[in-house]
Amino acid sequence: MPEIAEVARIVHFLRLHLVGKKIASASAIDDNNVFGKVGTTGAAVEDALKGRKVVSSGNQGKYFWITLDKPPHLVMHFGMTGWVHIKGEQTAYTNYYKKMKDNELEQWPPKFWKFHVKTEGKPEVEVAFTDARRFGRVRLVDCPGAEIRKYSPLKENGPDPVVDADRFTEEYLRGKMKARHVPVKALLLDQAMISGIGNWVADETLYQAKLHPEQYSDSFSDAEIAELYKNIRYVCQTAVDKLGDSDQFPEHWLFNYRWGKGGKGASSKLPNGEKLAFITVGGRTSCYAPAVQKKTGQVVAGAKDEPIKEESDAEEKKPPVKKARKQKQEPSGPDASEPPAKKKKTNGIKKEEVKPEPDLSSGRRRSTRLKN
């Protein structure tokens, strides 16, 4: 799911190519999820965009928007697989485009488009919002453009650690942590508390701050909260400065080694020798370094800790499931030389179908690369 840095990346491209342009044409499909679940329609989005000039673009956490010279304005959320494409520009990462077939690269509007626009003048700019899984949201907000953050859904969300450095202070974070009795990882993911932090950003900030992800938020000392605040600002600012390009993230970041959860080629430790593990609470999984992120207060009960196995150990302990099933189907004893098909015909036994098991070894890597 795109987080604070990926959203900042798209706003960068929108400001570069769309802001200041007048929209000559707009098209949108009627999608009951992307538009309908936030109270609008494709037709309404079309009408709002046609003939309007794009005045500005901005972001707050996982939300971003374009304001027009006349309301309503568009406020968008990528969900899990949403993205904005600009014709002739690589708004995503190189690997994203490498996965596409030649006919998909040339296709415009792109596959899974929900709305697209074309601007007046030269050079023409064509922009499209796409979403394969349809968890993204595009809504219309009828308000003065300069006051868009005072209206829903933006007003219900907490400050952005980068955009709102004046509001997101150490005192703000301390007050929120002391007022709630929840695992600190859960608090970081709560968009009403802080905008833009998702799973990998939360894990990174906690690793850099050397704090256990499932320790209760109100059990940390002032010094630990100060360290967490410093690292939230550091991780978010660095990721935004790099426009979410993970190839440019610092080598010592957990991000570079956290993917795969024991899958083939996955890291089981950091270059400095610190071993990694996963811990799961309430269906949410955190990657952390147990030797560094030690408990200094009460930790939520029922957390399931899963150390990452070394690849060689994982292979040694792998149960020979397929081999066992194959042996079960093969004939043995005095009739072993008889072909299986003939045996089935003579004794009338129906051959049991064995369904292949799904491959669970592959893991997700480089979430910021926008894999649809």
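What this report covers is the structure whose coordinates are included nearby. (Residues numbered from 1 in each chain as written. Predicted model: local features only at pLDDT ≥ 70, side-chain atom pairs only at ≥ 80, totals over all residues. Heavy atoms only, no water.)

## Concerning the sheet that holds strand 7 (residues 126-131)
Quick note on the threshold: Pairing between two strands requires that DSSP report at least two bridges joining them. Put simply, DSSP H or I for four residues or longer makes a helix, DSSP E for two residues or longer makes a strand, and each gets a number counted from the N terminus. Between N-to-C directions, angles cover 0 to 180 degrees, with each direction set by a line fitted to C-alpha atoms, over the stretch in contact for helices. A contact between two residues is defined here by any heavy atoms of the two lying within 4.5 Å.
Spatial ordering of the open sheet is given by 1-6-7-5, a layout of 4 strands whose pairing is antiparallel. The open sheet is flanked by strand 1 (23-28) and strand 5 (82-86), the only strands paired with a single partner. If you compare each strand with its neighbour and ignore which way they point, the axes differ by 15 degrees on average. Relative to strand 6 (residues 113-119), strand 1 runs antiparallel, the two sharing 5 bridges. Each bridged residue has a counterpart across the sheet, and for Ile23 the counterpart in strand 6 is Thr119. Each of strand 5 and strand 7 is contacted by helix 1 (residues 4-17), which is oriented at about 25 degrees to strand 5, the strand it contacts most. Running at roughly 175 degrees to strand 1, helix 2 (residues 42-49) makes contact with strand 1 and strand 6 of the sheet.

## Looking at empty space enclosed by the protein
Note the threshold: Using a 1 Å grid laid over the protein atoms alone, points where a 1.4 Å probe fits but cannot get out form a cavity; open sets with protein on both sides within 12 Å along at least 5 of 7 lines form a pocket; any residue with an atom within 4 Å of a point counts as lining. Grid points are joined across faces, edges and corners, and a volume is the space filled by probe spheres set on the points. Nonpolar residues are Ala, Val, Leu, Ile, Met, Phe, Trp, Tyr, Cys and Pro. Charged residues are Asp, Glu, Lys and Arg, and all others, Gly as well, are polar.
Tallied over the entire structure, the rule returns 2 cavities of 30 Å³ or more. One number sums up the size of the largest cavity: a volume of about 70 Å³. Taken together, Leu14, Leu18, Phe64, Ile66, Met76, Val84, Phe115, Val117, Val127, Ala128 and Phe129 form the lining of the largest cavity. Secondary structure elements with two or more residues in the lining of the largest cavity: strand 3 (63-68), strand 6 and strand 7. Sorting elements by how many residues they give to the lining of the largest cavity places strand 7 first, with 3 residues. Of the residues contributing to the lining of the largest cavity, the split by class is 11 nonpolar, no polar and no charged.

## Re helix 2
Under the convention used in this document: When a residue's accessible area, from a 1.4 Å probe over protein chains only, is under 20% of the maximum for its type it is buried; when over 50% it is exposed; and in between it is partly exposed. Directions from the helix axis toward the C-beta atoms define the arc.
For helix 2, the set of buried residues is Gly42, Val45, Glu46, Ala48 and Leu49. Buried positions in helix 2, seen along its axis, are confined to an arc of 165 degrees and lie on one side of it. For helix 2, the secondary structure elements touched by its buried residues are strand 1, strand 3, strand 4 (73-77), strand 6 and strand 8 (137-141). Just beyond helix 2, the residue with positive phi is Gly51, at close to 75 degrees.

## Some points on helix 8 (residues 222-241)
Cut-off, in case you're wondering: By this rule the span expected of a helix is its residue count minus one, scaled by 1.5 Å.
The terminal C-alpha atoms of helix 8 lie 28 Å apart, and with 20 residues this matches the ideal 28 Å at 1.5 Å per residue to within 8%. On the buried face of helix 8, the contacting elements are helix 1, helix 5 (170-179), helix 6 (184-189) and helix 7 (199-209). Just past helix 8, the residue Leu243 takes up positive phi, approximately 55 degrees.

## Some thoughts on the pattern of salt bridges
Going by this rule: Salt bridge, as applied in this entry: a Lys or Arg side-chain nitrogen positioned within 4 Å of an Asp or Glu carboxyl oxygen.
On inspection of all chains with the given rule, the structure shows 13 salt bridges. With its nearest N and O atoms 3.3 Å apart, the salt bridge here joins Lys230 to Glu227. In this pair, Lys230 and Glu227 are both assigned in helix 8, 3 residues apart and thus about one turn of the helix distant. Through salt bridges with shared partners, one network takes in Asp31, Lys114 and Arg134.

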